[in-house]
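# Structure at a glance
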Amino acid sequence: EAQVTQNPRYLITVTGKKLTVTCSQNMNHEYMSWYRQDPGLGLRQIYYSMNVEVTDKGDVPEGYKVSRKEKRNFPLILESPSPNQTSLYFCASSTHRGANSPLHFGNGTRLTVT
Amino acid sequence: QKEVEQDPGPLSVPEGAIVSLNCTYSNSAFQYFMWYRQYSRKGPELLMYTYSSGNKEDGRFTAQVDKSSKYISLFIRDSQPSDSATYLCAMSATIIQGAQKLVFGQGTRLTINP
């Protein structure tokens, strides 16, 4: 089944403890992206990657890192999480970067930082 | 002012009703317009895609774009309880360089009551 898989689904951590949220897609998509979803603010892009070893900042990149060493994987790294990073995170992929290429989303990771 | 405005609702209607969901936007460069549907505890999935102005119909769903008014709508006919979800509008301008810049609305939470 074609899908984007994120892990974990739920994560509770403390301020400053490094964490990684994994994302993997099995559709051979070039384009991958991370979003956070917050009430009243909608989906906001954190980072995106147009291909292996090519990443760039989205609208809210502060406090996050990403890497794209393989085409299928695009982990999101929080080196020193803070409470304002408590949010619902989504990984997404598409065949290419074109605006007419639909995004395929994972089922989300709910992160709580205390 | 946000680039894309969407009434967050919640909107509750009886089964069989016609539902109208709307977004307004301020960026006249937007040309690609999408509606995503998000079920509870799931990632968004693409429902409708429209390029430039006009209408597009897919079963019980109709997407309308009025670029002169900077206004897009999604109509759901003969609404069903299974249509209960959050609906997010999204839009993008023509790509000049880099990846698509997709801007999402806040999402409208819709409940169809049996």
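Look above for the structure.
Residues numbered from 1 in each chain as written. Chains lettered and ligands numbered in written order. Predicted model: local features only at pLDDT ≥ 70, side-chain atom pairs only at ≥ 80, totals over all residues. Heavy atoms only, no water.

### Here's the deal with the sheet that holds strand β8 (residues 76-78) of chain A
Residues and elements named next belong to chain A.
- With antiparallel pairing, four strands are arranged side by side in an open sheet as β1-β3-β8-β7. Looking at which strands have only one partner, the edges of the open sheet turn out to be β1 (4-7) and β7 (65-66).
- Relative to β8, strand β3 (residues 19-25) runs antiparallel, the two being bridged by three bridges. Note on β8: the bridge partner recorded for T20 is I77. (Pairing = 2+ DSSP bridges. Helix = DSSP H or I, 4+ residues; strand = E, 2+ residues; numbered from the N terminus.)

### Thoughts on the state of the cysteines
- Tallying each qualifying case throughout the model produces two disulfides over all chains.
- Shown here is the disulfide that connects A:C23 with A:C91, its sulfur atoms set 1.9 Å apart. Here A:C23 and A:C91 share a disulfide; its torsion about the S-S bond, -75°, makes the bridge left-handed. Within this pair, whereas A:C23 is found in strand β3, its partner A:C91 is found in strand β9 (residues 87-94), the two being separated by 68 residues in sequence. Here A:C23 matches A:C91 in class, with each residue buried.
- Covalently, B:C23 is tied to B:C89 through a disulfide, its sulfur atoms 2.0 Å apart. In this structure, the disulfide formed by B:C23 and B:C89 twists by about -100° around the S-S bond and is classed as left-handed. Residue B:C23 is found in strand β3 (residues 19-25), and its partner B:C89 is found in strand β9 (residues 85-93); the two are separated by 66 residues along the sequence.
- Taking relative accessible area as the criterion, B:C89 reaches 0% and is therefore assigned buried. (Disulfide = S-S within 2.5 Å. Buried < 20%, exposed > 50% of the residue type's maximum accessible area, 1.4 Å probe, protein only.)

### Some details on the packing of aromatic side chains
- This structure, assessed with the given rule, holds 12 aromatic pairs over all chains.
- When the centroid spacing of 5.8 Å and the interplanar angle of 55° are considered together, the rings of B:Y36 and B:F104 count as tilted. Residue B:Y36 is located in strand β4 (residues 30-38), and its partner B:F104 is located in strand β10 (residues 102-104); the two are separated by 68 residues in the primary sequence. The same class applies to B:Y36 as to B:F104, namely buried.
- By the ring-pair criterion, three or more aromatic residues cluster together here, those being A:Y35, A:F90, A:F105, B:Y36 and B:F104. (Phe/Tyr/Trp six-rings, centres within 6.5 Å; stacked < 30°, edge-to-face > 60°.)

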